[in-house]
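Take a look at the letters that make up each chain.
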Amino acid sequence: MEKKKFYYIETFGCQMNVHDSEKIAGMLIDLGYCETAQKERADIIVFNTCCIRETAELKIMAKIGDLKALKKKNKELIIVVCGCMTQQQGMADLLKKRFPFVNLVIGTHNLDLLEEYVKSYTGSKFKSIVLEKEQEITENTKIYRTNHKNAFVNIMYGCNNFCTYCIVPYVRGRERSRKVEDIVREVEELAKENKYSQITLLGQNVNSYGLDFKDNKTNFVYLLDKLCKIKGDFKISFMSSHPKDFSNELIDFIASHEKMSRAIHLPVQSGSDEVLKRMNRRYTSSHYKSLVDEIYKKIKGVSLTTDIIVGFPGESEKDFNDTCDLLRYCKFSSIFGFVYSKRNGTPAATFSDQVPYKVKKERITKLFDLQHEIQRIELSSLIGKTLECTIERDEKGRFIAKTFNNKSIKLNGENYTIGDKKSVLVKEINKNELIGEIA
């Protein structure tokens, strides 16, 4: 009887990386591997990396180093490092020098070659397959979906925006859109499975979907219209959006289609026009606020979230206060706040007026304190209300009820079925967490 083979995948970074790991898992399962949560048990270990912040890269380097002992015990262990970090110039050489026990380093442009490498593996030493130029999009990739009731679907790859703090265009390449018919086919198949309550469309900037086709017809709203016509009980969400490309046409479409999620993530990064200019974001705070006004006016019950970077080079106290004022104006349901971290290879890393770490930490604390106040006011207004929800589990494995606009309500007890639709009465708030019971 043939011995079972196991794979272990550790994913760092964004939803795009999570979905790439689902594709990697699909390849390995097709080759006869089974998933394990224990590195020590694995026959192949894959680190799918992120390099958006230097701290993430340092953490990954330390984890790769820890694998040396496992490789010493098991000479047949295959160690693979892939993802955004590996696509950086010179990174493959650095990994070879520091970690010669790694078997394969593979870039973001040619991840599909991983399956062929593993299939033909003969105990080879360090190998690098990192292509400098983005390739044609590979379709019909096997996917092992791990995100429970939420299915990720790539609609495009790469980014053309070149924000001065961001490494993504350099490691993910230029924007390439998948064909409408390929995306529709994938979503139709997911709908037939009837086990996903949400389908999340992924791209670095989904609002620029289809612009590379240059046919004056195919854009993001055109795609959404096709997807909303697919039969099935699911909501469509998307991330990420760029405010400079978020159109009134898109707002009107979301407002008029029940299949569209009422949760919108719209990264603003800063409330200061001066900082936005230095970030190369190509919109102003007033433009962003006008977008928010239109969203709140037209989309009933919408939940709006955002990303904010604190302590960007040159950020003054006034700039930071402008960001706080924007928070008060927009009343976000939640924010993802980050302290600016230098990213080598980006223009902002060379800016001379870096903000001291102590100042950045003080500002991020003030930002979160302010957001908690704003959030608490919004959540308090829901106490005593009955909301229509879908039963899910959170990252800690607890049962929660998810509203149509992506708010989570903690449920006591264990007698629930994932995916069930329930009316939930909001009873109280505990540290900005909604707590409720089935009505």
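Keep in mind that what you see is a predicted model, and the values were worked out from it rather than measured.

Enquirer: An account of the pattern of salt bridges is requested, with residue identities and associated values reported.
Expert: A complete count under the given rule lists 24 salt bridges for this structure. Arginine 178 is paired through a salt bridge with glutamate 186; the nearest N and O atoms lie 2.8 Å apart. With a relative accessible area of 5%, arginine 178 lands in the buried category. Note that arginine 398 and aspartate 394 form a salt bridge whose closest N and O atoms lie 2.7 Å from each other. Exposure remark for arginine 398: the relative accessible area of 27% places this residue in the partly exposed category. Aspartate 394 sits in the buried class, given a relative accessible area of 13%. In the salt-bridge network here, residues are joined through shared partners; they are Glu139, Arg145, Arg178 and Glu186.

Enquirer: If you had to explain the nonpolar core to someone new, which residues and values would you point to?
Expert: Within the largest apolar cluster, 56 residues are counted, with the highest numbers of intra-cluster contacts made by Leu201 and Phe246. Not counting the four nearest positions on each side in its chain, phenylalanine 246 is found in contact with Asn207, Phe238, Ser241, Ile251, Ile254, Ile264, Leu266, Leu291 and Ile295. Ranked by size, the runner-up nonpolar core spans 27 residues in total, among them Tyr8, Cys84, Phe101 and Val102.

Enquirer: Break down the pairing of strand β4 (residues 78-83) for me, with residues and values.
Expert: With six of its six residues buried, β4 lies for the most part within the structure. Taking every second residue as pointing to the same face, both faces of β4 are buried, with Ile78, Val80 and Cys82 on one and Ile79, Val81 and Gly83 on the other. Across six bridges, strand β3 (residues 44-49) lies against β4 in parallel orientation. Paired with isoleucine 44 across the strands is isoleucine 78, a residue of β4. For β4 and strand β5 (residues 104-106), the ladder comprises two bridges, and the chain directions are parallel. In the strand pairing of β5, valine 80 is matched with leucine 104.

Enquirer: Account for the sheet that holds strand β7 (residues 150-154), naming residues and giving values.
Expert: A sheet is described by the order of its strands in space; here three strands give the open sequence β7-β10-β11, paired in parallel fashion. Of all strands in the sheet, those with a lone pairing partner are β7 and β11 (235-239), marking the two edges. Neighbour-to-neighbour, the strand axes of this sheet turn through a mean angle of 25°, independent of strand direction. Packed on one face of the sheet, helix α1 (residues 15-30) meets β7, β10 (198-202) and β11 and runs near 95° to β7.

Enquirer: Describe in detail empty space enclosed by the protein, supporting the description with residues and values.
Expert: According to the stated counting rule, one finds one cavity of 30 Å³ or more in the structure shown. The volume enclosed by the largest cavity comes to roughly 40 Å³. What lines the largest cavity is Leu190, Ala191, Asn194, Lys195, Tyr196, Ile199, Gly232, Asp233 and Phe234.

Enquirer: I'd love a proper account of the side chain of asparagine 161, names of residues and values included.
Expert: Residue position: asparagine 161 is located in the loop between β8 (156-157) and α6 (168-172). Accessibility expressed as a relative area gives 5% for asparagine 161, which makes it buried. Reaching out from asparagine 161, the side chain makes a polar contact with the side chain of lysine 244 at a distance of 3.2 Å. Those residues in contact with asparagine 161 that lie beyond four places of it in its chain are Glu175, Asn205, His242, Lys244, Asn280 and Arg282.

Enquirer: Kindly report on the packing of aromatic side chains, identifying the contributing residues and their values.
Expert: Counted according to the given criterion, the structure contains 12 aromatic pairs. Geometrically, the ring pair formed by tyrosine 209 and phenylalanine 213 is edge-to-face, given 6.1 Å between the ring centres and 90° between the ring planes. Judged by its relative accessible area of 0%, tyrosine 209 is buried. Ring geometry for phenylalanine 312 and phenylalanine 351: centres 6.2 Å apart, planes at 85°, overall edge-to-face. In this pair, phenylalanine 312 sits in the loop between β13 (303-310) and α12 (317-330) while phenylalanine 351 sits in the loop between β14 (334-339) and α13 (357-380), placing the two residues 39 residues apart along the sequence. Given a relative accessible area of 23%, phenylalanine 351 falls into the partly exposed group. Ring pairs connect the aromatic residues Tyr165, Phe312, Tyr340 and Phe351, which therefore count as one cluster.

Enquirer: Explain the layout of surface pockets to me, and be specific about the residues and the numbers.
Expert: Counted as a void, the second largest pocket has a volume near 610 Å³. What lines the second largest pocket is a set of 32 residues, and nearest its centre among them are Gln87, Gln88, Gln89, Gly90 and Met91. Looking at the lining of the second largest pocket, the elements that each hand over two or more residues are α2 (54-73), α3 (84-87), α4 (91-98) and α6. Take the lining of the second largest pocket: its biggest share by element is six residues, from α4.

Enquirer: Please set out the environment of aspartate 245 residue by residue, giving values where relevant.
Expert: Mapped onto the fold, aspartate 245 is located in the loop between β11 and α9 (248-256). Spatially, the C-alpha atoms of aspartate 245 and arginine 98 are 42 Å apart, while their sequence positions differ by 147 residues. Once residues lying within four places of it in the same chain are set aside, the contact partners of aspartate 245 are Asn205, Asn207 and Ser208. One polar contact links aspartate 245 to lysine 244, side chain to side chain, over a distance of 2.8 Å.

Enquirer: Quick one: what's the story with α2, residue by residue and with numbers?
Expert: Structural remark: α-helix, 3.6 residues per turn; residues separated by three or four positions point the same way. Under the 1.5 Å per step criterion, the end-to-end length of α2 is 31 Å for 20 residues, consistent within 8% with the ideal 28 Å. Within α2 the residues assigned to the buried category are Glu57, Ile60, Met61, Ile64, Leu67, Leu70 and Lys71. The elements touched by buried residues of α2 are β3, β4, α3 and α4.

Enquirer: Give me the lowdown on the environment of glycine 83, citing residues and values where you can.
Expert: Counting through the fold element by element, glycine 83 comes out in strand β4. Expressed as a C-alpha distance, the spacing of glycine 83 and glutamate 274, which sit 191 residues apart in the sequence, is 33 Å. Leave out the neighbours within four places in its chain, and glycine 83 touches Asn48, Thr49, Ile106 and Thr108.

Enquirer: So what's going on with the packing of helix α8 (residues 220-228) against α9? Which residues, and what values?
Expert: For the pair α8 and α9, the least separation of the axes is 10 Å and the interaxial angle reads 15°. One element, α8, and the other, α9, form an angle in the roughly parallel class. Seen from above, α8 lies across α9 with left-handed handedness. Between α8, through Phe220, Val221, Leu224, Asp225 and Cys228, and α9, the contact on the second element is made entirely by Glu249, Leu250 and Phe253. Looking at the contact of α8 with α9 residue by residue, the class counts come to six nonpolar, no polar and two charged.

Cut-offs used in this document
Residues numbered from 1 in each chain as written. Predicted model: local features only at pLDDT ≥ 70, side-chain atom pairs only at ≥ 80, totals over all residues. Heavy atoms only, no water. Salt bridge = Lys/Arg side-chain N within 4 Å of Asp/Glu carboxyl O. Buried < 20%, exposed > 50% of the residue type's maximum accessible area, 1.4 Å probe, protein only. Core = buried A, V, L, I, M, F, W, Y, C linked by side-chain atoms within 4.5 Å. Contact = heavy atoms within 4.5 Å. Helix = DSSP H or I, 4+ residues; strand = E, 2+ residues; numbered from the N terminus. Pairing = 2+ DSSP bridges. Axes fitted to C-alpha atoms, helices over the stretch in contact; angles between N-to-C directions. 1 Å grid on protein atoms, 1.4 Å probe; cavity = no way out; pocket = protein on both sides within 12 Å on 5 of 7 lines; lining within 4 Å. Points joined across faces, edges and corners; volume = space filled by probe spheres on them. Polar contact = N/O pair within 3.5 Å; in protein donor to acceptor, adjacent residues only side chain to side chain. Phe/Tyr/Trp six-rings, centres within 6.5 Å; stacked < 30°, edge-to-face > 60°. Expected span 1.5 Å × (residues − 1). Parallel < 35°, antiparallel > 145°, perpendicular 65-115°, else oblique. Left-handed = near helix turned anticlockwise from the far one by under 90°. Nonpolar A, V, L, I, M, F, W, Y, C, P; charged D, E, K, R; others polar.

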